[in-house]
There are 2 protein chains.
Amino acid sequence: MKQQGKKILIVDDEPSIRDMIAVALEMAGFQCIEAATAKDAYALVVDEKPQMILLDWMLPGTSGIELARRLKRDELCNDVPIIMLTAKSEEDNKILGLEAGADDYITKPFSPRELVARLKAVLRRTTPQGIEEPIQVDGLTLDPIRHRVSANDEQLDIGPTEFRLLQFFMTHQERAYSRTQLLDQVWGGNVYVEERTVDVHIRRLRKTLGVNFDYLIQTVRGTGYRFSQKPK
Amino acid sequence: MKQQGKKILIVDDEPSIRDMIAVALEMAGFQCIEAATAKDAYALVVDEKPQMILLDWMLPGTSGIELARRLKRDELCNDVPIIMLTAKSEEDNKILGLEAGADDYITKPFSPRELVARLKAVLRRTTPQGIEEPIQVDGLTLDPIRHRVSANDEQLDIGPTEFRLLQFFMTHQERAYSRTQLLDQVWGGNVYVEERTVDVHIRRLRKTLGVNFDYLIQTVRGTGYRFSQKPK
DNA sequence: ATTGTCATGTCACACAATTGTCATATATTA
DNA sequence: TAATATATGACAATTGTGTGACATGACAAT
């Protein structure tokens, strides 16, 4: 099943509903993580980097809509699609939900089949924007689906971390990132590694890119690194 | 890293644990204050206004979670992030902790590294950096995001300190600053550097700006320097 | 189990850029 | 012209990065 890598975060205060959804999604080949509150959810988004969020409208404490707004404002996660779950009676509010940054909404009660269908639809809509399409710069191509990198049509042998690092850089060009930011974005928020480790992976990446393309990975002294086509 | 200045309040009834944590944090450049009870902690929060609170779940008297709730309800300190410290066996309660307003939690025992990492992560989350727009004057552009300076579309090679200096000037134009003020603003308040050093960096900055743009950095004799578009 | 291969994170050292300071030159003011 | 303030070049100490090597742990094949 090709959806199996996708991690879905389910946010709802009702454990029974969460589980129901989780079971349905897992049968469809998704991976699920759950949260009961907005705070909890936020922590999980940062730590686990889910590919999609199912968000209940009504939550104790910070409401779902507020959380959605916050996530969409946050540089770190504004590209994670959100589906709002609303009760029938709240349907009027759907406009608000979409305004807050939700990519779709489903009114409760819903069938598992409907949920999965909409979820896939949203994923289809939102992923091609960068996760699926090959990215090309100069003569360097990164193909996210095939998980391959080539320089002038020649395959490069690249490790997983270097791949993610390069992918991040190629989707965030022309911008300086600190080592900490790179750790957050590429490694994820829940790993604790030395900042200097970034240097090592930068070096490995440069090495595999070779002399023709390592100019793309630029050192910004005192700050971090930058991916840029323009020479330093 | 400029984590210094951040004040962390450690609340735990075990002095040995408090000290252990304090040592770890101080090595990471944080400033620590300690409290053994919820009561003391509350007083310190009010008096010292820490930027962050490490709060043990189990406390004699008012429990940690109760304190968290109280703080989060309080207008004065509901924006101070809280990290809960819980024993492994209490892990189930983490949801409760997050509900009470904690921003993260760590289960004991934890490594100093993990603690520091999570702490920094929470601080990063709660102090979002403002979006910085490129600044342009005449034909000179400084882009904080890309960390680049260009004169008429030509990249300039500029050192870190000169970059900060120029950034400060461009965001504070048409005003004379004394060397001391520049040291405070650009170098940071707590560094001991000769005043004359400013002159040297001014010269370096002028040099990299070149003859077309060095007129922007003007000497104000007897006072200091000024960034101004108007010719002297 | 055992071995072998990766991928990863960390360290120590090599190397390079930046920084602060000084001595000296030049400019400005009274 | 003397007195004061700023500009400039040189240099050594400091700081930040690059790089190779190593230990560890995951995993697959044996």
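From a predicted model like this one, the values you see are computed outputs, not experimental measurements.

Asks: How would you explain the sheet that holds strand β9 (residues 154-155) of chain B if you had to name every residue and give the values?
Replies: All names here are of chain B. On the basis of which strands lie adjacent, the open sheet formed by four strands has the order β6-β7-β8-β9 and antiparallel pairing. In the strand order of this sheet, the two ends are held by β6 (135-137) and β9, each with one partner. For strand β7 (residues 140-143) and strand β8 (residues 148-151), the ladder comprises four bridges, and the chain directions are antiparallel. Looking at the pairing, D143 lines up with R148 of β8.

Asks: So what's going on with the pairing of strand β8 (residues 148-151) of chain A? Residues and values would help.
Replies: Residue and element names in this part refer to chain A. In this antiparallel pair of consecutive strands, strand β7 (residues 140-143) and β8, the connection spans four residues, and H147 shows a positive phi of 60 degrees. In this sheet, strand β9 (residues 154-155) lies alongside β8 in antiparallel orientation, the contact comprising two bridges. Bridged to A151 within β9 is E154. Linkage of β8 to β9, two consecutive antiparallel strands, is achieved through a turn of two residues, within which N152 is found at a positive phi near 50 degrees.

Asks: Outline the protein's contact with DNA strand C, supporting the account with residue identities and numerical values.
Replies: Residues in close proximity to DNA strand C total 24 residues, the closest being T161 of chain A together with T161, E194, H201 and R204 of chain B. Restricting the count to atoms of DNA strand C within 4 Å of the protein gives a sugar and phosphate share of 68%. The separation between a phosphate oxygen of DNA strand C and a polar main-chain atom of E194 of chain A is 2.6 Å. One of the side-chain N or O atoms of R221 of chain B is found 3.4 Å from a base oxygen in DNA strand C. Broken down by class, the residue content of the surface near DNA strand C amounts to nine nonpolar, six polar and nine charged.

Rules used throughout
Residues numbered from 1 in each chain as written. Chains lettered and ligands numbered in written order. Predicted model: local features only at pLDDT ≥ 70, side-chain atom pairs only at ≥ 80, totals over all residues. Heavy atoms only, no water. Pairing = 2+ DSSP bridges. Helix = DSSP H or I, 4+ residues; strand = E, 2+ residues; numbered from the N terminus. Near = heavy atom within 4 Å. Polar contact = N/O pair within 3.5 Å; in protein donor to acceptor, adjacent residues only side chain to side chain. Nonpolar A, V, L, I, M, F, W, Y, C, P; charged D, E, K, R; others polar.

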